[in-house]
Amino acid sequence: MKGVLTILSEERKRAILDILQEKPAVSVGELSDIFNVSDVTIRKVLKELDGFGYLKRTRGGAVSLSNSMREFEEKEKEKRNIREKKAIARCAYDYIRDGDTAFFDAGSTTLELIRLIKNGNKRNIVVVTNAINLAVEMIDAEDIELILIGGNVRHRILSCVGGITEKAIEGLFFDKVFLGTNSFDIEHGITTPNIYEAQVKQCMLRSAKQKILLTDSSKFHETSLAKVCPVTSIDLMITDWNAPPEYVQQLRELGVNVAVAEPVE
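It should be emphasised that the depicted structure is a prediction, and the values quoted were computed from it without experimental measurement.

## A word on the overall build of the chain
Phase 1 of the analysis: Summing up its helical and strand segments, the chain has eleven helices and 15 strands in all.
Phase 2 of the analysis: Along the three orthogonal principal directions, the C-alpha set of the chain runs to about 65 × 40 × 30 Å.
Phase 3 of the analysis: Counting over 265 residues, the chain shows a buried share of 49%.
Phase 4 of the analysis: Long-range pairs, those at least 24 residues apart, make up 66% of the contacts in the chain between residues at least 6 apart in sequence.
Phase 5 of the analysis: Accessible surface, the chain: about 12,800 Å² in total, of which carbon and sulfur atoms supply 50%.
Phase 6 of the analysis: Distance between charge centroids for the chain: 3 Å, based on 36 positive and 39 negative side chains.

## As for the nonpolar core
Phase 1 of the analysis: Judged by nonpolar contacts, the single largest core of 32 residues is most densely connected at F103, I169, F184, I190, M237 and L251.
Phase 2 of the analysis: Taken together, the elements giving at least two residues each to this core come down to β5 (126-129), β9 (174-179), α10 (195-206), β12 (208-214), β13 (226-229) and α11 (245-253).
Phase 3 of the analysis: Counting residues per element, this core draws most heavily on α10, at five residues.
Phase 4 of the analysis: If sequence neighbours within four positions are ignored, L251 has contacts with F184, I186, V231, M237, V256 and V258.
Phase 5 of the analysis: Of all hydrophobic cores here, the second largest spans 29 residues; its members include C91, A92, A102 and L113.

## Brief notes about the UniProt feature "domain: HTH deoR-type" (unreviewed entry) in the chain
Phase 1 of the analysis: Those places that UniProt annotates as "domain: HTH deoR-type" (unreviewed entry) correspond, in this numbering, to residues 9-64.
Phase 2 of the analysis: Across residues 9-64 one finds 62% helix and 20% strand; the C-alpha atoms that close the span lie 19 Å apart.

## A short note on the packing of aromatic side chains
Ring pairs (aromatic) are described by centroid distance and by the angle formed between their planes.
Phase 1 of the analysis: Inspection of the entire model under this criterion finds five aromatic pairs.
Phase 2 of the analysis: Three or more aromatic residues joined by ring pairs make a cluster, and in this case those are F184, F220 and Y247.

## A look at the domain arrangement of the chain
It is common to give the size of an interface as the accessible area lost on bringing the parts into contact.
Phase 1 of the analysis: Here the chain is described as being made up of domain 1 (9-65) and domain 2 (74-260).
Phase 2 of the analysis: Between the C-alpha centres of domain 1 and domain 2 the distance comes to 32 Å.
Phase 3 of the analysis: Listed by partner, the interface residues are seven residues for domain 1 and seven residues for domain 2.
Phase 4 of the analysis: Buried area between domain 1 and domain 2, both sides added, is near 450 Å², and the carbon and sulfur share of it is 50%.
Phase 5 of the analysis: Considered class by class, the residues forming the side of domain 1 that touches domain 2 number three nonpolar, two polar and two charged.

## What about the sheet that holds strand β2 (residues 55-58)?
Phase 1 of the analysis: Read from one edge of the open sheet, three strands run β1-β3-β2, paired in antiparallel fashion. Where the open sheet ends on each side, the last strands, each with one partner, are β1 (25-27) and β2. Going across the sheet, the axis of each strand differs from the next one's by a mean of 20°, ignoring polarity.
Phase 2 of the analysis: Sheet strands in contact with helix α3 (residues 39-51) are β2 and β3 (61-64), and its direction is about 135° off that of β2.

## Quick word on the pairing of strand β4 (residues 101-104)
Phase 1 of the analysis: As defined by bridge partners, β4 adjoins β5 across four bridges and the pair is classed as parallel. Counterpart to A102 in the pairing with β5 is V127.
Phase 2 of the analysis: For the crossover from β4 across helix α7 (residues 108-119) to β5, the handedness is right-handed.
Phase 3 of the analysis: Sheet topology places β4 next to β9; three bridges connect them, and they run parallel. Across the sheet, A102 pairs through a bridge with K176, a residue of β9.

## Details of the pattern of salt bridges
Phase 1 of the analysis: For the structure shown, the criterion picks out 13 salt bridges.
Phase 2 of the analysis: Across the pair D140 and K118 runs a salt bridge, and its minimum N-O distance is 3.1 Å. A residue pair is termed long-range when its members are at least 10 positions apart, and D140 in the loop between α8 (132-138) and β6 (145-148) and K118 in helix α7 qualify at 22 residues.
Phase 3 of the analysis: Three or more residues joined by partner-sharing salt bridges are found here, namely K86, E112, R115, K118, E137 and D140.

About the cut-offs
Residues numbered from 1 in each chain as written. Predicted model: local features only at pLDDT ≥ 70, side-chain atom pairs only at ≥ 80, totals over all residues. Heavy atoms only, no water. Helix = DSSP H or I, 4+ residues; strand = E, 2+ residues; numbered from the N terminus. Buried < 20%, exposed > 50% of the residue type's maximum accessible area, 1.4 Å probe, protein only. Contact = heavy atoms within 4.5 Å. Areas by Shrake-Rupley, 256 points an atom, 1.4 Å probe, with all protein chains shown as cover. Lys, Arg positive; Asp, Glu negative; His and termini not counted. Charge placed at Lys NZ, Arg CZ, Asp CG, Glu CD. Core = buried A, V, L, I, M, F, W, Y, C linked by side-chain atoms within 4.5 Å. UniProt positions renumbered as here; feature names shortened; annotations may be inferred. Phe/Tyr/Trp six-rings, centres within 6.5 Å; stacked < 30°, edge-to-face > 60°. Domains from an automatic or database assignment. Buried area = accessible area lost by both parts, 1.4 Å probe. Nonpolar A, V, L, I, M, F, W, Y, C, P; charged D, E, K, R; others polar. Pairing = 2+ DSSP bridges. Axes fitted to C-alpha atoms, helices over the stretch in contact; angles between N-to-C directions. Right-handed = clockwise from strand over helix to strand, strands pointing away. Salt bridge = Lys/Arg side-chain N within 4 Å of Asp/Glu carboxyl O.

Structure below.
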């Protein structure tokens with residue numbers, strides 16, 4: 001018999017919520033195996049829990065609401081998966097050309113990329129960003145043109161959002177946008193915990209000729225509150241060597257170019 005014996009409905013609900021305290025997402029099939037019940041039964045339980053606001057249903061399972069709205073502040077993010085982020089940034093730097101006008105989204109991976117641009121040999125680049133820390137990093141690189149997009153400041157994230165930000169971005173056009181994300185899932189696309197952040201990211205994508213997503217593989221199979229775009233809206237995704245090959249293949253079959261960064265020695 002797979003998993004544990006069938007348990008009473010209320011106990012099952014509590015057990016599912018306990019599971020989502022330990023992990024951000026769970027599939028219907030996984031829960032069916034754990035409780036030794038049908039997929040139909042699990043979907044019914046998830047529907048009830050979603051109705052009470054205890055979790056968020058997805059097509060294939062459920063995600064923790066606390067996870068879908070959780071957002072690490074910028075200082076926390078800079079410490080996570082740093083080796084992978086440096087490698088992704090190094091790979092992304094190869095896609096920058098002299099004379100590019102590029103938008104750099106707020107995020108710890110784009111910060112690593114900005115540091116490479118600042119100290120690299122590619123010039124005549126116009127750097128546009130809504131991230132205060134990225135702009136500060138570039139402030140003494142006087143041979144690189146820097147445009148900081150203002151707006152309502154998100155103090156913990158160090159980004160600018162809101163109508164002022166969106167209007168400014170909509171008035172510009174970029175060769176490339178280097179987009180960050182909190183969560184990435186093939187079915188649900190690119191998502192972020194903050195609605196205003198999602199709207200600004202959508203403006204970035206509409207204003208860019210080439211759309212490049214930078215995401216380390218720890219964000220795969222994650223879903224947050226606000227949807228930015230489907231995966232097929234991205235021209236190129238750069239991730240790290242820990243990405244499962246079958247996941248990368250799925251993306252390529254959907255028409256998304258995927259570059260896998262190797263570890264930086």
